[in-house]
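Results of the structural survey
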Amino acid sequence: MSEAKGGAVELVELRKRFGDVAAVDGVSLRIPAGEFFSLLGPSGCGKTTTLRLIAGLERPDGGRISLDGVDMAATPPHRRKVNTVFQNYALFPHLSVFDNVAFGLRRRRTSRNEINRRVGGVLEAVRLEGLEKRRPSQLSGGQQQRVALARALVLEPSVLLLDEPLGALDAKLRKALQLELKTIHEQFGITFVYVTHDQEEALTMSDRIAVMSDGRVEQVATPEEIYEEPATVFVADFLGISNLMTATAEGAHDGRCLLRLGESELHAARGEISARGEVRIVIRPERIRVEPYAPGGENRIPGMVERVVYLGSLEQLVIRLATGDVLQAIVVNDGEPKAFSQGVPVRVHLPAEALRVLPERPAGEVT
Amino acid sequence: MARRGLFWPLFALPGAVWLVLFFLIPFYAVLSVAFGTVDPIFQGPVPVWNPFDWHFTTMRSVLEQLRPGQVFWTVFVRTFAYVGIALAGCLAIGYPVAYYLARHARRTKALLLVLLIIPFWVSYLMRMLAWIGLLLPDGLVNRSLVDIGLLSHPHGWLDGQPSSVIFALVYGYVPYLILPLFATLDRIEPHLIEAGLDLGASRFSTFLHVTLPLSKQGILAGSVLIALPMFGDYYTNDVISGSPGTSMIGNQINLFFQGGPQRTTGAALVIVLAVLLGALMSYYLYSTVRASRQPVTA
Amino acid sequence: MKRLRDWWSNPWGRPRALVAVTWLYIAWSIVPIAIAILFSFNAGKSRTVWQGFSTRWYWGDPTQSVLHDPALRSALEQSLKLAALDMAVSVPLGVALALGLTRWHGPGARPVNVLMLFPLVTPEIVMAVSLLLVFVTLYGIQLGTTAQLLGQVTFSVSYVVVIVRGRLLSIGKEYEEAATDLGASRVAALRLVLLPLLAPAIFASLMVVFALSIDDFVVTDYLSSDASTQTVPIQIYSSVRGTTTPALNALATVIVVATLLAVAFAYVVHRRFTAGDEAARGSALREIAAFDV
Ligand SMILES: Nc1ncnc2c1ncn2[C@@H]1O[C@H](COP(=O)(O)OP(=O)(O)O)[C@@H](O)[C@H]1O
Ligand SMILES: [Mg+2]
């Protein structure tokens with residue numbers, strides 16, 4: 001058996017419509033072999049459809065899918081070296097765990113010994129030894145999830161597609177299985193295309209992430225890049241709390257963008273620093289510095305604490321700026337007596353190197 | 001690609017062909033006979049297949065007899081009256097039973113369901129046979145009524161009594177109404193009822209303003225489901241009454257088909273019946289199609 | 001008086017009026033049948049006066065029992081024969097049609113879908129008359145067993161479609177897709193995944209068709225040729241008003257018991273099939289009572 005590991009997937013201008021809904025609207029992606037690649041986006045943005053197109057369960061209306069450089073247009077789903085872990089697992093209720101996992105091998109007329117060996121091996125890898133005879137309905141959610149994983153992995157696909165595989169599980173189990181999936185990815189060395197609407201999950205697990213919205217890809221980048229340098233308003237908004245404000249840009253000065261926010265003047269060192277006119281600027285809550293009130297100062301705006309939310313090791317401050325904008329700031333709860341309580345005037349420092357000017361892309365605009 | 005497109009249609013093909021051969025074309029045969037001629041020597045019906053050559057004499061005379069005061073008029077009016085009363089009777093019995101089963105029965109629910117399903121699986125004519133045994137002049141009903149003094153002498157229940165025919169229709173068809181009603185009522189979320197009570201409606205007004213409107217679809221579908229076969233029923237009437245005085249449309253049609261030369265008239269009468277029920281049917285089809293479009297929960 | 005009214009309409013208690021109606025209805029619907037069955041064991045010739053217990057009308061009587069009266073015996077045989085044939089033809093035909101209609105979305109699917117509903121709502125006499133006329137005038141099919149079978153299949157098939165389609169819709173496409181994803185061809189996915197999952201519905205259909213066939217009177221009567229193709233319902237219809245013996249009750253009882261056993265058997269098998277599949281299990285009774293379209 002010369003199973004080539006990981007396969008490279010390439011999507012070119014992929015399109016799929018259902019009636020008047022453009023579920024996938026011109027998606028182009030290049031996923032190198034062996035990568036843990038995530039499709040991240042809100043429900044209904046076309047993630048599942050993209051995955052089903054790769055699996056061959058839907059036929060594209062336009063565009064091209066290739067696997068290791070070979071066009072897949074004429075290959076029916078059962079001939080693709082791609083397997084899927086379905087959103088709700090789709091375990092065959094009438095078959096035992098063993099028979100579920102052996103299903104694909106039997107279709108390939110694998111010998112009985114080989115089936116026993118491989119099913120045993122993969123069940124061990126997903127830690128399900130001893131449950132071979134159970135029916136899916138006799139398993140817990142986490143166990144069912146592993147059977148679905150084993151059933152796909154046993155065929156040694158070059159690409160494994162996972163559609164919100166942890167979506168149905170509770171938070172604690174999800175955390176544990178995230179680690180396990182990561183381990184399995186490393187162990188098997190194949191390409192994972194992982195669909196999720198949970199940004200934290202995508203950030204912790206992926207090598208690279210494609211953020212999708214309305215059937216289109218907004219940004220493809222590493223988790224760090226996505227988090228630190230969201231390319232569009234949509235990405236910034238979707239990836240956890242970020243503070244979005246509307247300001248007027250007056251072009252670049254010394255590699256920084258000069259911005260007007262109400263009465264105040266700000267400098268931003270990141271993003272589209274040469275932009276002019278009305279722009280959106282963004283800053284992460286943990287990058288905001290909150291200082292005791294004092295007038296003036298560069299990139300500093302006066303404000304007042306509206307609310308303090310205790311988050312354990314952190315504290316979240318909701319601050320209303322003099323400009324009228326409301327910001328959220330995260331400060332470390334280091335045991336000092338609380339400096340900021342409700343109603344206290346403060347000075348907010350928005351460091352230039354943390355302040356990002358977003359390109360005004362109408363298509364990506366989401367309010 | 002052609003194979004991909006033909007795979008599922010091929011499954012539907014035999015069944016579709018069957019329905020065309022043994023449902024659609026036969027119905028056309030009725031038209032051809034109704035608008036055909038009668039063999040002058042053997043008196044048998046001669047179908048005319050080409051609609052441009054159809055004769056309308058038989059149909060015209062049937063329609064003439066449908067005018068008030070004529071023979072078929074009486075039969076049609078009687079049929080509508082019997083079916084209407086029987087349907088009301090079925091609803092009066094069936095709805096409370098289905099309602100109790102769906103809304104209130106708890107421990108006994110499974111048992112009740114089984115007991116309600118039993119008559120459903122007992123052959124219709126067996127159930128008629130059972131009542132005939134009871135209603136015979138020396139049957140249990142007459143003997144009991146005479147014994148307790150309600151009757152002085154045995155009543156001829158089976159001698160052409162309209163009330164017996166209607167009674168038998170109710171007895172015969174009510175099981176077919178209860179199950180669809182139960183299915184509808186069972187699907188109503190208990191929360192909705194509780195919300196009704198919580199919002200200050202009494203039990204009865206909750207029923208009137210929440211349960212009843214929500215089960216309207218089931219009442220209509222169930223009523224159509226039993227009214228249609230009742231309109232074509234002749235055997236209930238034959239075994240319970242046997243008298244021309246209670247004859248319904250079905251009996252009239254059956255009569256024409258049992259005895260030789262009149263099949264053309266019988267076929268014309270079938271067409272009239274079919275057209276009448278067509279309206280009722282289209283409503284039923286419309287409601288099932290609409291119901292089947294609703295999302296299915298796994 | 002007031003206490004009685006409170007007891008009757010206590011808002012937290014059981015709705016006693018409904019309980020009463022329900023149990024009265026059940027008694028009304030079942031007791032007559034029980035009495036008719038009881039009289040099939042009557043030792044005397046009367047269908048109304050109890051004369052002691054015997055099995056005479058089943059097999060004891062050398063000329064008039066179900067076993068020995070040629071007319072009764074042949075009616076029973078014809079009923080069972082038609083039921084078996086009807087099941088053998090309608091169920092495969094209906095399952096295929098249900099599969100085709102749920103998975104095929106072409107332009108022809110809609111008319112067939114509507115056509116399929118028609119036999120469910122057409123009064124039997126209309127179907128019987130039309131089949132009789134088409135067989136006699138156009139197809140040249142001799143009346144008798146073949147004609148009866150063709151007629152019975154025509155109304156049975158739609159019930160099979162309705163039952164199987166219900167289950168198909170609740171299964172959805174996900175299992176088939178999973179099978180294809182794992183390398184099964186379409187035919188293999190159908191054989192290995194879809195048909196096993198449909199087994200409960202197929203079983204329910206078999207039972208429903210059995211009951212429909214056994215119970216049918218109008219179509220079967222119109223398409224029968226002579227005494228040799230009379231079935232049990234025809235026998236009951238033609239002799240119930242005359243002077244007849246409890247052998248008729250015995251004949252009907254045999255059919256009732258056969259049907260109820262078949263249904264009970266189907267129910268047990270259904271539960272085994274769907275062991276662990278709670279969704280399918282919950283609908284067991286309803287699928288067996290499948291006339292709910
Ligand atoms: N089989 C289908 N028929 C019609 N519309 C569909 C179908 N599948 C998906 N859609 C629509 O396409 C869009 C994208 O769906 P999907 O790919 O499932 O999104 P996601 O997985 O990101 O939640 C949605 O608007 C959805 O309603
Ligand atoms: Mg999805």
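Small disclaimer: the values here were computed from a predicted structure and weren't measured. (Residues numbered from 1 in each chain as written. Chains lettered and ligands numbered in written order. Predicted model: local features only at pLDDT ≥ 70, side-chain atom pairs only at ≥ 80, totals over all residues. Heavy atoms only, no water.)

Notes on the overall build of chain C
Scanning chain C for helices and strands turns up 14 helices and zero strands. Scanning chain C from its N terminus toward the C terminus, one meets helices and strands in the order α-α-α-α-α-α-α-α-α-α-α-α-α-α. Counting the 293 residues in chain C, one finds 58% classified as buried. Long-range pairs, those at least 24 residues apart, make up 67% of the contacts in chain C between residues at least 6 apart in sequence. A total accessible area of about 11500 Å² is found for chain C, and carbon and sulfur atoms account for 66% of it. (Helix = DSSP H or I, 4+ residues; strand = E, 2+ residues; numbered from the N terminus. Buried < 20%, exposed > 50% of the residue type's maximum accessible area, 1.4 Å probe, protein only. Contact = heavy atoms within 4.5 Å. Areas by Shrake-Rupley, 256 points an atom, 1.4 Å probe, with all protein chains shown as cover.)

Examining the site of ligand 1
All names here are of chain A. Around ligand 1, the structure places Phe18, Val21, Ala23, Pro42, Ser43, Gly44, Cys45, Gly46, Lys47, Thr48 and Thr49. Take Gly44: an N or O atom from its main chain is 2.6 Å from an oxygen atom of ligand 1. Contacts to ligand 1 include Cys45, whose backbone N or O atom sits 3.2 Å from an oxygen atom. If ligand 1 stood free it would expose 560 Å²; the protein chains cover 59% of that surface. Sorting the residues of the shell around ligand 1 by element identifies strand E2 (21-31) and helix H1 (47-55) as the ones contributing at least two each. In terms of residue class, the shell around ligand 1 is made up of five nonpolar, five polar and one charged. (Near = heavy atom within 4 Å. Polar contact = N/O pair within 3.5 Å; in protein donor to acceptor, adjacent residues only side chain to side chain. Nonpolar A, V, L, I, M, F, W, Y, C, P; charged D, E, K, R; others polar.)

Regarding the packing of aromatic side chains
Applying the stated criterion across every chain, the model contains 42 aromatic pairs over all chains. A centroid spacing of 6.5 Å and a plane angle of 50 degrees characterise the contact between Phe92(A) and Tyr175(C), whose relative ring orientation is tilted. Of this pair, Phe92(A) sits in the loop between strand E6 (82-85) and helix H2 (97-107) while Tyr175(C) sits in helix H8 (residues 174-181), placing the two residues on different chains. Comparing Phe92(A) with Tyr175(C), the two get one shared label, buried. Consider the rings of Phe35(B) and Trp54(B), whose centres lie 4.8 Å apart with planes at 25 degrees: the pair is stacked. Of the two residues, Phe35(B) is situated in the loop between helix H1 (2-34) and strand E1 (37-38) and Trp54(B) in the loop between strand E2 (45-46) and helix H2 (57-65); the sequence distance between them amounts to 19 residues. The exposure class of Trp54(B) is buried, given its relative accessible area of 17%. (Phe/Tyr/Trp six-rings, centres within 6.5 Å; stacked < 30°, edge-to-face > 60°.)

Focus on the environment of Gly133(B)
Within the secondary structure, Gly133(B) is located in helix H5 (residues 124-135). Look at Gly133(B) and you get buried, because its relative accessible area is 13%. Distance from Gly133(B) to Ala183(B), taken between C-alpha atoms, is 33 Å for residues 50 residues apart in sequence. Non-local contacts of Gly133(B), meaning those with residues more than four positions away in its chain, are made with Gly139(B), Leu140(B) and Thr48(C).

Some thoughts on the sheet that holds strand E20 (residues 345-349) of chain A
Residue and element names in this part refer to chain A. Pairing in this open sheet of five strands is antiparallel, and the strands run E16-E20-E17-E18-E19 from one edge to the other. Of all the strands in the sheet, the pair left with one neighbour each is strand E16 (289-292) and strand E19 (326-332). Taken pair by pair, the neighbouring strands of this sheet meet at an average axis angle of 45 degrees, ignoring direction. Both E16 and E20 contribute to a ladder of four bridges, which runs antiparallel. Each bridged residue has a counterpart across the sheet, and for Pro292 the counterpart in E20 is Val346. (Pairing = 2+ DSSP bridges. Axes fitted to C-alpha atoms, helices over the stretch in contact; angles between N-to-C directions.)

Focus on the pairing of strand E18 (residues 314-321) of chain A
Residues and elements named next belong to chain A. Burial analysis of E18 places six of its eight residues in the buried class, which makes it a mostly covered element. Relative to E18, strand E17 (residues 300-311) runs antiparallel, the two sharing eight bridges. Directly across from Arg307, in E18, lies its bridge partner Val318. Hairpin connection, E17 to E18: the antiparallel pair is bridged by two residues, and Gly312 has positive phi, about 80 degrees. Direction of pairing for E18 relative to E19: antiparallel, over a ladder of seven bridges. The residue of E19 that forms the bridge with Ile319 is Leu327.

Some points on the domain arrangement of chain B
Residue and element names in this part refer to chain B. In terms of domains, chain B is made up of domain 1 (28-61 + 264-298) and domain 2 (74-256). For domain 1 and domain 2, the distance between their C-alpha centres works out to 28 Å. Each side of the interface is counted separately: domain 1 has 14 residues, and domain 2 has 13 residues. With both sides pooled, the region where domain 1 packs onto domain 2 buries about 1300 Å², and carbon together with sulfur makes up 86% of that total. Between domain 1 and domain 2 we count zero salt bridges in total. (Domains from an automatic or database assignment. Buried area = accessible area lost by both parts, 1.4 Å probe. Salt bridge = Lys/Arg side-chain N within 4 Å of Asp/Glu carboxyl O.)

Things to note about a nonpolar patch on the surface
Taken together, the side chains of Leu6(B), Leu10(B), Leu13(B), Val17(B) and Leu21(B) make up a nonpolar region of the molecular surface, amounting to roughly 430 Å² of accessible area. Structurally, Leu13(B) can be placed in helix H1. (Patch = residues over 30% accessible without salt bridge, like charges linked within 9 Å, V, L, I, M, F, W, Y side chains within 5 Å.)

Topic: the pattern of salt bridges
Residue and element names in this part refer to chain A. Counted by the stated rule, this structure contains 27 salt bridges over all chains. Among the ionic pairs, Arg287 bridges to Glu228, the shortest N-O distance being 3.4 Å. Residue Arg287 is found in the loop between strand E15 (276-283) and E16, and its partner Glu228 is found in helix H7 (residues 223-228); the two are separated by 59 residues along the sequence. Here Arg287 falls in the partly exposed class, since its relative accessible area comes to 28%. Taking relative accessible area as the criterion, Glu228 reaches 36% and is therefore assigned partly exposed. A salt bridge links Glu250 to Arg260; the nearest nitrogen and oxygen atoms lie 3.3 Å apart. Highlighted residues: Glu250 in strand E11 (residues 243-253) and Arg260 in strand E12 (residues 256-261), separated in sequence by ten residues. Through salt bridges with shared partners, a single network forms among Glu13, Arg15 and Asp25.

Re the pairing of strand E10 (residues 216-221) of chain A
Residues and elements named next belong to chain A. Relative to E10, strand E9 (residues 208-213) is paired through five bridges, and the arrangement is antiparallel. Looking at the pairing, Ala210 lines up with Val220 of E10. Linking two consecutive strands that pair antiparallel, namely E9 and E10, is a turn of two residues; a positive phi of about 50 degrees is found at Asp214 within it.

Some points on the interface of chain C and chain B
Contact with chain C, which involves 94 residues of that partner, is made by 100 residues of chain B. Summing both partners gives a buried area of about 8800 Å² for chain C against chain B, and 79% of it is carried by carbon and sulfur. Summed over the shared surface of chain C and chain B, the number is zero salt bridges. Summed over the shared surface of chain C and chain B, the number is 13 residue pairs in polar contact (both at pLDDT 80 or more). In terms of residue count, helix H2 (residues 16-39) of chain C provides more of the side of chain C that touches chain B than any other element does, 15 residues in total. When the residues that make up the side of chain C that touches chain B are grouped by side-chain class, the tally is 68 nonpolar, 14 polar and twelve charged.

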